[in-house]
Amino acid sequence: MPRFAAVLALGCTSLLPTAPATAQSGNASPAAAAGSSAVEVVSVSSTFGGVVVAPALVATPCHRMGASAPPFSVRQGQNQFPAELIAADEDRNVCLLQARGLNAPAAQMGRTRDSSTLGSVHAMSLQEGLLRRIDLHVPYLGKVVDGLYLGVAQPLVAPPAPLRDGVGIYNEQGQLLAMVVMESADANALSMALPVEWIGSVLERKPRAPASLGTTAWMNQARIFDAKGDAAGLLENNLRWAEAQPRSAWAWNNLGNAHMSSGGKDRTTKAVEAYLKAVELDPQLAPAWNNLGNVYSETRRSPLAIEAYQTATRVDPGYGIAWRNLGELYRKNGQQDRAIDALKQAAKAGTGGERAIALNGLAFIYGEGPQAIQALQEAVTAEPRFGLGWKNLGIAWERTGDRQRAIKAYEIALRIDPRDGVAWTRLGDAYTWTKQPDAALQAYRAATALEPGNGAAWKWQGVQYLERKDYKQAIPALTEALKNGESNAFVYEELGKAFQENGQASKAEESFLKAIELAPLNAMPSMRLSELYRKLGRPDESLRLAESAVKLAPTDARAWDLLGTVRSGKGQLQEAIQAYQRAVALDPKMPTAWINLGLHLNAAQQIPQAKEALTQALRIEPDNRAALINMGVSHIRSGEPAAAVSIFERLDVAKPSDPLVLANLCAAYKRAGRIDDAIKAYGRLHALDRNMAGKVYEQELKGLAAAIQS
């Protein structure tokens, strides 16, 4: 299973696009749960939004308070109430106003950390007494301390409805998720909104407001640069932030993040300096300790990284990200027990996706078996859209042999992320094992369409085509596998088989020789090449390779069976019989070896032994045509023509146009005294195969020439 990199708090961005909601904008009832918490903050110089978060308490952005002239009031509908600033956290950009007499219900607080609540969101904007619902989608989620910073936008078909600072963002259950902190001039542009968790933190602590408030939304501007992927702009913004607020630990922490994102040669050195400044200003800022640990880990200073992560978890025992990073570092250092303990703490502290990732890390350490499966099941329960967790659960199920459950897990993973080539490959493997070849081929083709460099998917795609005898498709697929990391003996052997069956003997020989070169101790490529040489009429080379195969794999019945066939081709009848006897001794359930043994014992006139060998073959495969034909021959040679007739008549009914069956049936009829039936069988044979009919005539029917002619 893949491991996770250290998580960078306040700077690590993940994109989780959601489907746009249907555009809908218009008046909404002020009595609605979400809308009733929407208010306006009014100053001498400006008006902006706010959200009622507790009785008579309104949250609004601090930077707008700093840019506005007092006195302040809160307006809802036609009513206006004097307001007083009672708490402010400029780092989070959340200010609290107390509006005496305001009797509006408080918003119900949601959670941004639970990504399942972000599928469909909307703003409730109160402007001049009119409440508007503005449907939104969430193209950007930025991980920050305690939650997720939202970047929201209106669908392109939505009527213009610019968002205002202080407007609340809600989910469909009416829970407050975020607060807009910068107005957008373009209704369709990305607008940023700070997480509800920050509002809750300020509401709980009620930090004293400073003498004067700043007018720049530094964190918000940082998130805009982050959403755009503008590393240079982010660094410039955060340098100015630290300069403007040199006593803000958050400013220095974000400056460290910007240095790490910049790609500069000295980025780690400057980042460490910024993070150290942050923890000097605020030793309780756990994210800065965590980020410091990340840099130390990246620069292979494990003791310092561990100390930084441990400090983060001491400062905030519920800080799951730091626990997870600590666990991953312990795991990398081979300290498995400590890693498990740390990741368990991360899972306990985290919710949703954070808990799922921690549990996935635990499963990685457990490897396989019940513990890994349980951890992964808990992970996908915590975050049902955790595609990696479903994929890894599929792998875990597959390792236990429960491929049906594995298939279900892979299918869910691919519904979540249909562009996961590895998941398609694993699904193809599971379909192969459960004998669903068509589904397997489709899965492998999907994998290579997504990832043309996926050698494993090309390999098994080629094998699937080979099993279908579609050699023209198998050859290019196996060739692609060789080009993309699967240059091994198995692929060359499969490619050799495809070339051989496609009539390209020289390329088949080249492929088999390459397989032998890559795996000189593997008998199978030698067996393949031996069989090719035998069919090409090169018996000496064929024998040399067959003898080499039995030396490499003396307990492989297939090698001895091949050796018997090659020796038979060189006229070495007794040596061939000995090889077949060795094959059936090694694998008594190998019907082809029993048939070959019976055929050659017949040729050696060892009829009772031939019958016993063929009886063994028919016990394994009662309807094996080759075994039945040879048993019929044994009966003819042992003077039991009636038994032979019974066998060959049954075979003739099953396949009336088989010259070999007709030839033997003709001989059996003749020896059983059924001359008319022999002549009729001969007539049918003569129409199918004149050469074989001629041989039967010379051996069996020459004395009946007059009868045949009449």
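The structure under discussion appears in the preceding block.
Residues numbered from 1 in each chain as written. Predicted model: local features only at pLDDT ≥ 70, side-chain atom pairs only at ≥ 80, totals over all residues. Heavy atoms only, no water.

**Notes on the packing of helix α18 (residues 471-483) against helix α19 (residues 489-501)**
When two helices pack together, their arrangement is captured by the angle between the axes and the distance separating the axes. Counted only if it meets this: Angles here are taken between N-to-C directions and fall from 0 to 180 degrees, while the axes themselves are lines fitted to C-alpha atoms, restricted in helices to the stretch in contact. Numbering of helices and strands runs from the N terminus, with a helix taken as a DSSP run of H or I at least four residues long and a strand as a DSSP run of E at least two residues long. Relative orientations are named as follows: roughly parallel for angles under 35 degrees, roughly antiparallel for angles over 145 degrees, roughly perpendicular for angles from 65 to 115 degrees, and oblique for any other angle. A clockwise turn of the near helix away from the far one marks a right-handed crossing, whereas an anticlockwise turn of less than a right angle marks a left-handed crossing. Note on contacts: a residue pair qualifies if any of its non-hydrogen atoms lie within 4.5 Å across the two residues. In this count, Pro and Cys sit with the nonpolar residues alongside Ala, Val, Leu, Ile, Met, Phe, Trp and Tyr, while Asp, Glu, Lys and Arg are called charged and the others, Gly among them, polar.
One way to put it is that α18 packs onto α19 with a least axis distance of 9 Å and a crossing angle of 155°. For the element pair α18 / α19, the angle class is roughly antiparallel. The crossing of α18 and α19 is left-handed. Facing Y471, A474, I475, L478, T479, A481 and L482 of α18, the residues of α19 in contact are V491, Y492, E494, L495, A498, F499 and E501. When its residues are assigned to classes, the contact of α18 with α19 shows eleven nonpolar, one polar and two charged.

**A look at the environment of V152**
With respect to the element layout, V152 can be found in strand β12 (residues 147-153). In the structure, V152 is positioned 41 residues away from A193 in sequence and 7.5 Å away in space, judged by C-alpha atoms. Dropping the residues within four chain positions of it, V152 is found in contact with L136, H137, V138, P139, L163, I169, A189, L190 and S191.

**Examining the sheet that holds strand β5 (residues 57-61)**
As a reminder, the rule being used: Pairing between two strands is assigned when DSSP locates at least 2 bridges connecting them.
On the basis of which strands lie adjacent, the closed barrel formed by six strands has the order β3-β4-β5-β8-β7-β6 and antiparallel pairing. Across this sheet, the average inter-strand angle for adjacent strands is 45°, counted without regard to direction. Relative to strand β8 (residues 94-99), β5 runs antiparallel, the two sharing five bridges. Residue pairing for β8: V58 is matched across the bridge by L97. The sheet strands contacting helix α2 (residues 196-205) are β4 (47-54), β5, β7 (79-89) and β8, and the helix crosses β8 at an angle near 55°.

**Things to note about the packing of helix α15 (residues 421-433) against helix α16 (residues 437-450)**
Where α15 contacts α16, the axes come no closer than 8 Å and their chain directions differ by 165°. Viewed along their axes, α15 and α16 adopt a mutual orientation that is roughly antiparallel. Along this stretch, α15 crosses α16, giving a crossing that reads as left-handed. Facing G421, W424, T425, L427, G428, D429, Y431 and T432 of α15, the residues of α16 in contact are A439, A440, A443, Y444, A446, A447 and L450. Residue classes in the contact of α15 with α16 are distributed as ten nonpolar, four polar and one charged.

**Observations regarding the nonpolar core**
Note the cut-off: Grouping buried Ala, Val, Leu, Ile, Met, Phe, Trp, Tyr and Cys residues that are joined through side-chain atoms within 4.5 Å yields what is termed a nonpolar core. When accessible area is computed with a 1.4 Å probe and restricted to protein chains, residues below 20% of their type maximum are described as buried, those above 50% as exposed, and intermediate ones as partly exposed.
Of all hydrophobic cores here, the largest spans 107 residues; its most connected members are V53, Y149, L176, L194, W198 and I199. Not counting residues within four places of it along the chain, the set of residues in contact with L194 comprises R92, N93, V94, Y149, L177, A178, M179, V181 and I199.

**Comments concerning unusual backbone geometry**
Each neighbour pair has its own omega, and for P70 with P71 the value is 5°, a cis peptide bond. Tracing the backbone through its elements, the reader meets P71 in the loop between α1 (62-66) and β6 (72-76). A positive phi is found at D146, a non-glycine position, where the angle reads about 75°. If you trace the backbone, D146 turns up in the loop between β11 (130-144) and β12. Positive phi, close to 45°, is recorded for K206, a residue that is not glycine.

**Focus on helix α24 (residues 573-586)**
What counts is decided by this rule: Every helix has an expected span of 1.5 Å times one less than the residues it contains. For this quantity, the arc is that covered by the directions from the helix axis to the C-beta atoms.
For α24, with 14 residues, the first-to-last C-alpha span of 20 Å sits near the 20 Å given by 1.5 Å per residue. Where α24 is concerned, the buried positions are A576, I577, A579, Y580, A583 and V584. The buried side chains of α24 occupy one side of the element, clustering within an arc of 160° when seen end-on. In α24, the exposed positions that point more than 90 degrees away from the buried face belong to Q578 and A585. Of the surrounding secondary structure, the elements contacted by the buried residues of α24 are α23 (557-569) and α25 (591-603).

**Some details on the environment of V491**
Its place among the elements puts V491 in helix α19. Among the residues examined, V491 registers a relative accessible area of 0% and is labelled buried. C-alpha of V491 to C-alpha of Y697: the two residues are 206 residues apart in sequence and 49 Å apart in space. Non-local contacts of V491, meaning those with residues more than four positions away in its chain, are made with K459, L478, A481, L482 and E486.

**So, the state of the cysteines**
The test is simple: Disulfide: a pair of cysteine sulfur atoms within 2.5 Å of each other.
The full count for this structure, using the stated rule, is one disulfide. A sulfur-sulfur separation of 2.1 Å characterises the disulfide bridge that pairs C62 with C95. Between C62 and C95 the sulfur-sulfur dihedral comes to about 110°; the bridge is accordingly right-handed. Residue C62 is located in helix α1, and its partner C95 is located in strand β8; the two are separated by 33 residues in the primary sequence.

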